[in-house]
Amino acid sequence: MKHIVLILIIASSLFAKEGDISQHYATNKVVVDGLVAKKLILTVESLEKMSGVKTGSTPLVCISGEIKDEVKSYEGVKLKDILAEADIVISSKRDLNKIYIQVIASDGYAVIFSYNELFNTNNGDRVIVFYKKNNQFLEEYEGKIALISLDDNKNGPRHVKWLEKIVVKKIDL
Ligand SMILES: Nc1nc2c(c(=O)[nH]1)N[C@H]1C(S)=C(S)[C@@H](COP(=O)(O)O)O[C@H]1N2
Ligand SMILES: [Mo]
(Lines give C-alpha, C1' and ligand atoms only; values in the text may rest on other atoms or scores of the structure.)
(Ligands and ions follow the chains in the order given, each with its own letter.)
Protein backbone atom coordinates (compact mmCIF):
# COMPACT_ATOMS: atom_id res chain seq x y z
CA MET A 1 0.00 0.00 0.00
CA LYS A 2 2.77 2.40 0.99
CA HIS A 3 4.43 1.68 -2.34
CA ILE A 4 1.29 2.41 -4.30
CA VAL A 5 0.89 5.74 -2.50
CA LEU A 6 4.51 6.59 -3.21
CA ILE A 7 4.14 5.68 -6.88
CA LEU A 8 1.02 7.82 -7.13
CA ILE A 9 2.80 10.78 -5.56
CA ILE A 10 5.76 10.45 -7.92
CA ALA A 11 3.52 9.96 -10.96
CA SER A 12 1.38 12.99 -10.16
CA SER A 13 4.42 15.18 -9.61
CA LEU A 14 5.75 14.07 -13.01
CA PHE A 15 2.50 15.02 -14.72
CA ALA A 16 2.43 18.35 -12.90
CA LYS A 17 5.91 19.04 -14.26
CA GLU A 18 4.79 18.35 -17.87
CA GLY A 19 2.20 21.11 -17.58
CA ASP A 20 4.65 23.52 -16.00
CA ILE A 21 7.22 23.01 -18.74
CA SER A 22 5.35 24.88 -21.48
CA GLN A 23 4.40 27.60 -19.02
CA HIS A 24 8.03 27.93 -18.11
CA TYR A 25 9.20 28.08 -21.75
CA ALA A 26 6.45 30.31 -23.16
CA THR A 27 7.89 33.58 -24.52
CA ASN A 28 6.24 37.01 -24.88
CA LYS A 29 9.00 38.70 -26.81
CA VAL A 30 11.69 37.91 -29.34
CA VAL A 31 14.98 39.79 -29.52
CA VAL A 32 16.59 40.33 -32.94
CA ASP A 33 20.28 41.21 -32.70
CA GLY A 34 23.81 40.38 -33.81
CA LEU A 35 24.97 42.02 -37.06
CA VAL A 36 22.03 44.44 -37.34
CA ALA A 37 21.84 48.21 -37.44
CA LYS A 38 18.61 48.20 -35.44
CA LYS A 39 18.10 45.75 -32.61
CA LEU A 40 14.42 44.76 -32.42
CA ILE A 41 12.25 43.49 -29.61
CA LEU A 42 9.21 41.82 -31.14
CA THR A 43 5.98 41.21 -29.24
CA VAL A 44 2.69 39.80 -30.51
CA GLU A 45 1.42 43.40 -30.63
CA SER A 46 4.38 44.72 -32.63
CA LEU A 47 4.22 41.75 -35.03
CA GLU A 48 0.53 42.44 -35.61
CA LYS A 49 1.43 45.98 -36.70
CA MET A 50 3.95 44.79 -39.31
CA SER A 51 2.86 43.75 -42.77
CA GLY A 52 2.02 40.09 -42.33
CA VAL A 53 0.95 36.89 -44.03
CA LYS A 54 -1.70 34.25 -43.49
CA THR A 55 -0.91 30.84 -44.95
CA GLY A 56 -3.10 28.02 -46.27
CA SER A 57 -3.25 24.57 -44.70
CA THR A 58 -0.07 22.53 -44.14
CA PRO A 59 0.78 19.30 -42.34
CA LEU A 60 3.50 19.47 -39.68
CA VAL A 61 5.88 16.59 -40.43
CA CYS A 62 8.44 15.30 -37.94
CA ILE A 63 11.91 14.19 -39.10
CA SER A 64 10.65 10.61 -38.60
CA GLY A 65 7.95 11.21 -41.24
CA GLU A 66 5.17 11.18 -38.66
CA ILE A 67 2.47 13.80 -39.25
CA LYS A 68 2.21 15.67 -35.94
CA ASP A 69 -0.52 18.13 -36.82
CA GLU A 70 -2.72 19.34 -39.69
CA VAL A 71 -2.66 23.11 -39.50
CA LYS A 72 -5.29 25.18 -41.31
CA SER A 73 -3.41 28.47 -41.17
CA TYR A 74 -0.52 30.34 -39.63
CA GLU A 75 -0.46 34.12 -39.21
CA GLY A 76 2.70 36.10 -38.73
CA VAL A 77 5.51 37.99 -40.42
CA LYS A 78 8.11 36.66 -42.86
CA LEU A 79 11.53 36.26 -41.25
CA LYS A 80 13.07 38.09 -44.24
CA ASP A 81 10.82 41.12 -43.60
CA ILE A 82 11.86 41.19 -39.95
CA LEU A 83 15.53 41.03 -40.97
CA ALA A 84 15.01 43.79 -43.53
CA GLU A 85 13.58 45.95 -40.74
CA ALA A 86 16.53 45.15 -38.45
CA ASP A 87 18.88 45.94 -41.36
CA ILE A 88 21.76 43.45 -41.63
CA VAL A 89 25.17 45.15 -41.39
CA ILE A 90 27.85 44.03 -43.87
CA SER A 91 30.98 45.62 -45.27
CA SER A 92 30.63 44.23 -48.80
CA LYS A 93 27.89 42.54 -50.84
CA ARG A 94 30.04 39.41 -51.02
CA ASP A 95 29.84 39.14 -47.24
CA LEU A 96 26.10 38.48 -47.53
CA ASN A 97 27.06 34.96 -48.66
CA LYS A 98 28.65 34.41 -45.25
CA ILE A 99 25.62 35.54 -43.27
CA TYR A 100 23.57 33.01 -41.31
CA ILE A 101 20.73 33.45 -38.87
CA GLN A 102 20.44 31.59 -35.58
CA VAL A 103 16.86 31.02 -34.41
CA ILE A 104 16.86 30.13 -30.71
CA ALA A 105 14.09 28.94 -28.40
CA SER A 106 13.85 29.33 -24.62
CA ASP A 107 14.35 25.55 -24.08
CA GLY A 108 17.71 25.67 -25.90
CA TYR A 109 16.29 24.28 -29.18
CA ALA A 110 17.91 26.10 -32.10
CA VAL A 111 18.05 26.05 -35.92
CA ILE A 112 19.82 28.09 -38.59
CA PHE A 113 19.01 29.71 -41.94
CA SER A 114 21.43 31.19 -44.45
CA TYR A 115 21.04 34.68 -45.93
CA ASN A 116 20.78 33.23 -49.45
CA GLU A 117 18.18 30.69 -48.41
CA LEU A 118 15.96 33.46 -47.05
CA PHE A 119 16.52 36.22 -49.61
CA ASN A 120 17.47 34.22 -52.70
CA THR A 121 15.18 31.15 -52.82
CA ASN A 122 11.40 30.68 -52.86
CA ASN A 123 11.64 28.85 -49.52
CA GLY A 124 12.55 32.17 -47.93
CA ASP A 125 9.08 33.52 -48.66
CA ARG A 126 7.56 30.83 -46.44
CA VAL A 127 9.70 31.15 -43.33
CA ILE A 128 7.35 32.80 -40.90
CA VAL A 129 7.50 34.12 -37.36
CA PHE A 130 3.96 33.36 -36.28
CA TYR A 131 1.69 34.32 -33.39
CA LYS A 132 -1.61 32.79 -34.55
CA LYS A 133 -2.44 29.24 -35.66
CA ASN A 134 -5.88 28.16 -36.92
CA ASN A 135 -7.10 31.74 -36.24
CA GLN A 136 -6.20 31.52 -32.53
CA PHE A 137 -3.38 33.14 -30.58
CA LEU A 138 -0.80 30.49 -29.67
CA GLU A 139 -1.17 28.42 -26.56
CA GLU A 140 1.64 28.04 -24.06
CA TYR A 141 2.74 24.68 -25.45
CA GLU A 142 4.31 26.53 -28.40
CA GLY A 143 3.83 30.30 -28.00
CA LYS A 144 3.31 33.06 -27.60
CA ILE A 145 5.64 33.43 -30.59
CA ALA A 146 7.05 30.64 -32.79
CA LEU A 147 8.62 30.13 -36.23
CA ILE A 148 8.16 27.69 -39.09
CA SER A 149 9.88 27.02 -42.41
CA LEU A 150 6.72 25.80 -44.14
CA ASP A 151 8.20 24.37 -47.32
CA ASP A 152 10.92 22.21 -45.75
CA ASN A 153 10.32 18.60 -46.89
CA LYS A 154 10.02 17.78 -43.21
CA ASN A 155 8.96 20.98 -41.57
CA GLY A 156 8.88 19.68 -37.97
CA PRO A 157 12.57 20.34 -37.22
CA ARG A 158 12.43 24.00 -38.28
CA HIS A 159 9.18 24.57 -36.46
CA VAL A 160 10.59 26.42 -33.44
CA LYS A 161 8.30 26.66 -30.45
CA TRP A 162 8.86 29.30 -27.73
CA LEU A 163 10.92 31.57 -29.99
CA GLU A 164 13.25 33.78 -27.95
CA LYS A 165 16.15 35.07 -30.07
CA ILE A 166 17.05 35.69 -33.71
CA VAL A 167 20.78 36.38 -34.07
CA VAL A 168 22.50 37.47 -37.28
CA LYS A 169 26.06 36.14 -37.62
CA LYS A 170 28.82 35.90 -40.21
CA ILE A 171 31.11 32.96 -40.88
CA ASP A 172 34.52 33.85 -39.45
CA LEU A 173 37.38 32.55 -41.58
N1 LIG B 1 11.52 24.90 -28.86
C2 LIG B 1 11.34 23.69 -29.42
N3 LIG B 1 10.78 23.59 -30.62
C4 LIG B 1 10.60 22.38 -31.22
C5 LIG B 1 11.01 21.19 -30.61
C6 LIG B 1 11.60 21.33 -29.32
O7 LIG B 1 12.00 20.35 -28.67
N8 LIG B 1 11.74 22.58 -28.76
N9 LIG B 1 10.81 19.98 -31.25
C10 LIG B 1 10.64 20.00 -32.72
C11 LIG B 1 10.16 18.76 -33.33
S12 LIG B 1 11.22 17.44 -33.35
C13 LIG B 1 8.92 18.68 -33.97
S14 LIG B 1 8.46 17.32 -34.84
C15 LIG B 1 7.96 19.81 -33.92
C16 LIG B 1 6.57 19.42 -33.52
O17 LIG B 1 6.56 19.20 -32.16
P18 LIG B 1 5.23 19.16 -31.30
O19 LIG B 1 4.41 18.06 -31.86
O20 LIG B 1 5.76 18.87 -29.93
O21 LIG B 1 4.57 20.49 -31.38
O22 LIG B 1 8.41 20.84 -33.07
C23 LIG B 1 9.78 21.16 -33.18
N24 LIG B 1 10.03 22.35 -32.43
MO1 LIG C 1 10.32 15.93 -34.69
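Heads up: the structure comes first, above all this text.
It should be emphasised that the depicted structure is a prediction, and the values quoted were computed from it without experimental measurement. (Residues numbered from 1 in each chain as written. Chains lettered and ligands numbered in written order. Predicted model: local features only at pLDDT ≥ 70, side-chain atom pairs only at ≥ 80, totals over all residues. Heavy atoms only, no water.)

This part is about the sheet that holds strand β7 (residues 99-105). The sheet built from five strands is open, its strands ordered β2-β1-β13-β7-β8 with mixed pairing. Only two strands of the sheet have a single partner each, and these edge strands are β2 (40-43) and β8 (110-114). Strand-to-strand twist of the sheet, defined as the mean angle between neighbouring strand axes without regard to direction, takes the value 20°. Of the strands in this sheet, β1 (29-34), β2, β7, β8 and β13 (163-170) are in contact with helix α3 (residues 79-86), which crosses β2 at around 140°. (Pairing = 2+ DSSP bridges. Helix = DSSP H or I, 4+ residues; strand = E, 2+ residues; numbered from the N terminus. Axes fitted to C-alpha atoms, helices over the stretch in contact; angles between N-to-C directions. Contact = heavy atoms within 4.5 Å.)

Right, let's get into unusual backbone geometry. Trans is the common state for peptide bonds, and a negative phi is the common state for residues other than glycine. Residues glycine 143 and lysine 144 are joined by a peptide bond in cis, for which omega reads 10°. Mapped onto the fold, lysine 144 is located in the loop between β10 (136-137) and β11 (146-149). For aspartate 87, which is not a glycine, the phi torsion comes out positive at approximately 70°. Tracing the backbone through its elements, the reader meets aspartate 87 in the loop between α3 and β7. A positive phi angle, near 50°, is found at asparagine 134, a position not held by glycine. By the secondary structure assignment, asparagine 134 is in the loop between β9 (127-133) and β10.

The side chains of a regular strand alternate between both faces of the sheet. The sheet contact formed by β1 and β2 spans four bridges and is antiparallel. Paired with valine 30 across the strands is leucine 42, a residue of β2. In this antiparallel pair of consecutive strands, β1 and β2, the connection spans five residues. Note: β1 against β13, four bridges, orientation parallel. The partner of aspartate 33 across the bridge, within β13, is valine 167.

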